[in-house]
Amino acid sequence: MTEEAEPKPPVTLPQIFALFARIGLTSFGGGLSAWIYREVVDRRGWMSEDEFLAGLTLAQIIPGPNVINISIYIGQRLRGGAGSVVAALALLLPPMLVAVGLLYLFHAYGQLAWLHNLLEGIAAGAIGLTFSIAPPGMRRRPTAGRP
């Protein structure tokens, strides 16, 4: 006797928004497709691996950023046109609002000397970190006989 799987309740638009907003707010750099895969396929079971990979292939073929394309695909598969709009907006809108908020704060307090010093220190640290990860062939090697 085979056991039938219970049908899962449909994914709601707020659930889609919450997931993609979290990804948009906490992501930096690459690897988002893998993160989205883990969330949508592994953790939540909203899609099968084959469905996701088909969408990822499509997202890489059509013009535009892959992450936006895959979010639109996932939203469409889960909730149709509304889902695709919600997923794309959730991925883009919250980080944009944070950036606008930071811009407002910098505009309001940008004339403070300590703030300029702080930002210059952060920039110097970022430059130092960038140089510290240079490939070994690009690092200056000490030569024998020279201090």
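As the structure is a prediction and not an experimental result, all values here were calculated from the model. Sequence order sets the numbering: in each chain, residues are counted from 1 along the sequence as written. Only residues with pLDDT of 70 or above have their local features reported here, since the model is predicted, and side-chain atom pairs are shown and tallied only from 80 upward, although totals for entire chains, interfaces and linings are computed over all residues. Excluded from the side-chain calculation are hydrogens and water; included are all heavy atoms of the structure.

Draft legend 1. Spotlight on the overall build of the protein. By the criteria applied, helices consist of DSSP H or I runs no shorter than four residues and strands consist of E runs no shorter than two, each listed in order from the N terminus. Across its full length, the protein holds five helices and zero strands. The linear arrangement of helices and strands in the protein, starting from the amino end, is α-α-α-α-α. The proportion of buried residues among the 147 residues of the protein is 28%. For the protein, the share of sequence-separated contacts (at least 6 apart) that also reach a separation of at least 24 residues comes to 46%. Partly exposed describes any residue whose relative accessible area lies between the buried limit of under 20% and the exposed limit of over 50%, with all areas from a 1.4 Å probe on protein chains only and scaled to the type maximum. The contact definition used throughout considers only heavy atoms, calling two residues in contact when any of these lie within 4.5 Å.

Draft legend 2. Structural view of the packing of aromatic side chains. We call Phe, Tyr and Trp rings a pair once their centres come within 6.5 Å, taking the six-membered ring for Trp, and we label the pair stacked below 30 degrees between planes, edge-to-face above 60, and tilted otherwise. Under the criterion given, the structure shown has one aromatic pair. Here Y37 and F52 contribute two aromatic rings whose centre-to-centre distance is 5.2 Å and whose plane-to-plane angle is 70°, an arrangement assigned as edge-to-face. Residue Y37 is located in helix α2 (residues 32-43), and its partner F52 is located in helix α3 (residues 49-61); the two are separated by 15 residues in the primary sequence. The exposure classification of Y37 matches that of F52, with both residues buried. Lysine NZ or arginine CZ positioned within 6 Å of the ring centre and within 35 degrees of the ring normal marks a charge as sitting over the ring. Sitting over the face of the ring of W46, R44 holds its NZ or CZ atom 5.5 Å from the ring centroid.

Draft legend 3. The arrangement of the side chain of S84 in detail. Positionally, S84 belongs in helix α4 (residues 66-109). When its relative accessible area of 13% is taken as the criterion, S84 is described as buried. In this view, S84 contacts I72, G75 and Q76; residues no more than four positions away in its chain are not counted.

Draft legend 4. Region of interest: the nonpolar core. Each nonpolar core is a collection of buried residues, namely Ala, Val, Leu, Ile, Met, Phe, Trp, Tyr and Cys, held together in the definition by side-chain atoms within 4.5 Å. Counting 27 residues, the largest nonpolar core has F20, I36, F52, I70 and I74 as the members making the most contacts within it. Put simply, the parts of the chain that give this core at least two residues each are α1 (13-26), α2, α3 and α4. Among the elements that make up this core, the one with the highest residue count is α4 (10 residues). Residues within four places of F20 in sequence aside, it is in contact with I36, S71, I74, A87, A90 and L91.

Draft legend 5. Molecular detail of the pattern of salt bridges. For this analysis, a salt bridge means a side-chain nitrogen from Lys or Arg found within 4 Å of a carboxyl oxygen belonging to Asp or Glu. Within the structure shown, the criterion is met by four salt bridges. Salt bridges sharing partners connect three or more residues here, namely R22, E39, R43 and R44.

Draft legend 6. Local environment of α2. Inspection of α2 places L32, S33, W35, I36, Y37, E39, V40 and V41 among the buried residues, and these make up the whole buried set. Elements in contact with the buried residues of α2: α1, α3 and α4. G45 occupies a position one or two residues after α2 and carries a positive phi of about 65°.

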